Amino acid sequence: MRRSPLAALVLTALLLVTPGAAQAAVSERAAVPERAAVPDRASSDRVASSDSAVEAQLARVRTAGTAWGFDPATGRMTLTVDDTVTAAEVAKLRAVADRTGALLRREPGTLRTLIAAGQGIYGGGGRCSLGANVRSGSTYYVITAGHCTAAASTWYADSAQATVLGSRTATSYPGNDYGLIRYTSRIAHPSAIYTYPGLLAVNSYGNAYVGQAVCRSGVTTGVRCGTVTGLNQTVNYAGGSVSGLIRTNICAEPGDSGGPLYVASTGVILGILSGGSGNCTSGGVSYYQPISEVLAAYGLTLP
């Protein structure tokens with residue numbers, strides 16, 4: 001049976017969670033995974049001091065097309081560059097990596113926020129994926145990526161922009177990457193994730209950990225699955241720097257932005273898609289804003 005565009009949007013309404021501990025202005029970020037135990041307190045203090053110094057230097061990197069964070073696979077801080085970073089910029093970044101002891105790594109493609117024209121939720125001439133239906137009291141909202149809500153104040157349920165979905169009420173981007181759209185229509189907003197096809201009930205939210213099996217859902221490429229490969233990552237997009245992100249080996253494409261990262265076996269949401277590099281033909285990586293920050297920042301709960 002063919003669904004109307006409005007019905008399709010209802011099914012695409014990816015949902016959410018209850019509030020947890022995090023912050024508002026300066027978000028409480030997902031913790032860097034624990035390192036191996038050290039033999040004594042003095043050694044532990046030296047490691048912490050060294051890590052802090054490295055992070056402080058990497059935090060000064062603002063070159064668009066770069067990302068940095070701790071890589072559990074190598075046990076080292078890693079500075080990543082995409083295909084847009086010039087040879088001259090790479091040379092400067094290599095000097096930073098050499099000075100800090102970080103691993104310099106190139107990832108194919110372009111690190112970008114993922115918004116494009118097409119189906120989904122529409123505003124400002126682009127589309128994104130709906131990430132979560134939530135509420136504050138009796139007022140209902142959509143959570144999606146902040147780089148999406150920054151692009152438009154009014155959002156629609158169809159590409160023709162004939163059916164109003166709601167109005168932007170909050171945006172946090174760059175720095176963070178999340179925003180809210182307040183429902184001004186009577187479109188249904190179930191607490192579920194559309195899994196192409198089918199619906200997965202959302203039971204709660206959680207914090208990601210390295211090695212965790214996860215999936216994401218988005219209007220452009222549907223459901224894709226993989227694993228969490230890093231926490232507390234910083235990405236320098238062309239539009240600004242975003243920190244505290246979850247990194248995965250899951251591909252994503254323009255239009256998938258804002259969609260949820262979740263655990264398929266439990267219906268637990270972990271984050272919303274911020275951006276990534278590569279594509280779903282040749283492969284790529286993707287980064288997510290932890291959902292706990294969004295819920296705590298705005299005092300939101302599940303419907």
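One can find the structure itself at the top, above this paragraph.
What this report covers is the structure whose coordinates are included nearby.

## Observations regarding the overall build of the protein chain
In terms of helices and strands, the protein chain carries five helices and 20 strands. A burial count over the protein chain gives 49% of its 303 residues as buried. Within the protein chain, counting contacts between residues at least 6 apart in sequence, those at least 24 apart form 66% of the total. When the accessible surface of the protein chain is totalled, it reaches about 12500 Å², and 52% of it is carbon and sulfur.

## A word on the nonpolar core
The biggest cluster of nonpolar side chains holds 19 residues, and the ones touching the most others in it are Val-134, Ile-143, Leu-180, Ile-269, Ile-291, Leu-295 and Leu-300. At three residues, the largest contribution of residues to this core is made by helix 5 (residues 291–298).

## A few points about the state of the cysteines
In the structure shown here, the tally under the stated rule is three disulfides. Between Cys-251 and Cys-280 runs a disulfide, and the two sulfur atoms are separated by 2.1 Å. Taking the torsion about the S-S bond as the criterion, the Cys-251 to Cys-280 disulfide, at about 100 degrees, is right-handed. A residue pair is termed long-range when its members are at least 10 positions apart, and Cys-251 in the loop between strand 17 (240–248) and strand 18 (260–263) and Cys-280 in the loop between strand 19 (268–279) and strand 20 (283–290) qualify at 29 residues. What makes Cys-251 buried here is its relative accessible area of 10%.

## As for the environment of Gln-233
Take Gln-233: it is sitting in strand 16 (residues 222–237). By relative accessible area, which is 6% here, Gln-233 ends up buried. A sequence separation of 14 residues divides Gln-233 from Arg-247, and the C-alpha atoms of the two residues are 6.8 Å apart. Looking at Gln-233, its side chain comes within polar contact range of the main-chain oxygen of Phe-70, at 3.3 Å.

## Here we look at the pattern of salt bridges
Applying the stated criterion to the full structure yields four salt bridges. Salt-bridge contacts for Glu-107 lead to Arg-247; the nearest nitrogen and oxygen are separated by 2.1 Å. With a gap of 140 residues between them, Glu-107 in the loop between strand 3 (103–106) and strand 4 (112–113) and Arg-247 in strand 17 connect regions that are remote in the sequence. Glu-107 gets classed as buried once you look at its relative accessible area, which sits at 8%.

## A look at helix 3 (residues 87–100)
The end-to-end C-alpha separation of helix 3 is 20 Å, in line with the 20 Å expected for 14 residues at 1.5 Å each. Of the residues trailing helix 3, Gly-101 is marked for its positive phi of about 85 degrees.

## Quick notes on unusual backbone geometry
Backbone torsion omega between Tyr-173 and Pro-174 reads -5 degrees, so that peptide bond is classified as cis. In this structure, Pro-197 follows Tyr-196 across a cis peptide bond, with omega equal to 0 degrees. Along the chain, Pro-197 turns up in the loop between strand 12 (192–194) and strand 13 (199–201). One non-glycine residue with positive phi stands out, namely Tyr-196, at about 55 degrees. When you line up the elements, Tyr-196 lands in the loop between strand 12 and strand 13.

What counts, and at which threshold
- Residues numbered from 1 in each chain as written.
- Predicted model: local features only at pLDDT ≥ 70, side-chain atom pairs only at ≥ 80, totals over all residues.
- Heavy atoms only, no water.
- Helix = DSSP H or I, 4+ residues; strand = E, 2+ residues; numbered from the N terminus.
- Buried < 20%, exposed > 50% of the residue type's maximum accessible area, 1.4 Å probe, protein only.
- Contact = heavy atoms within 4.5 Å.
- Areas by Shrake-Rupley, 256 points an atom, 1.4 Å probe, with all protein chains shown as cover.
- Core = buried A, V, L, I, M, F, W, Y, C linked by side-chain atoms within 4.5 Å.
- Disulfide = S-S within 2.5 Å.
- Polar contact = N/O pair within 3.5 Å; in protein donor to acceptor, adjacent residues only side chain to side chain.
- Salt bridge = Lys/Arg side-chain N within 4 Å of Asp/Glu carboxyl O.
- Expected span 1.5 Å × (residues − 1).

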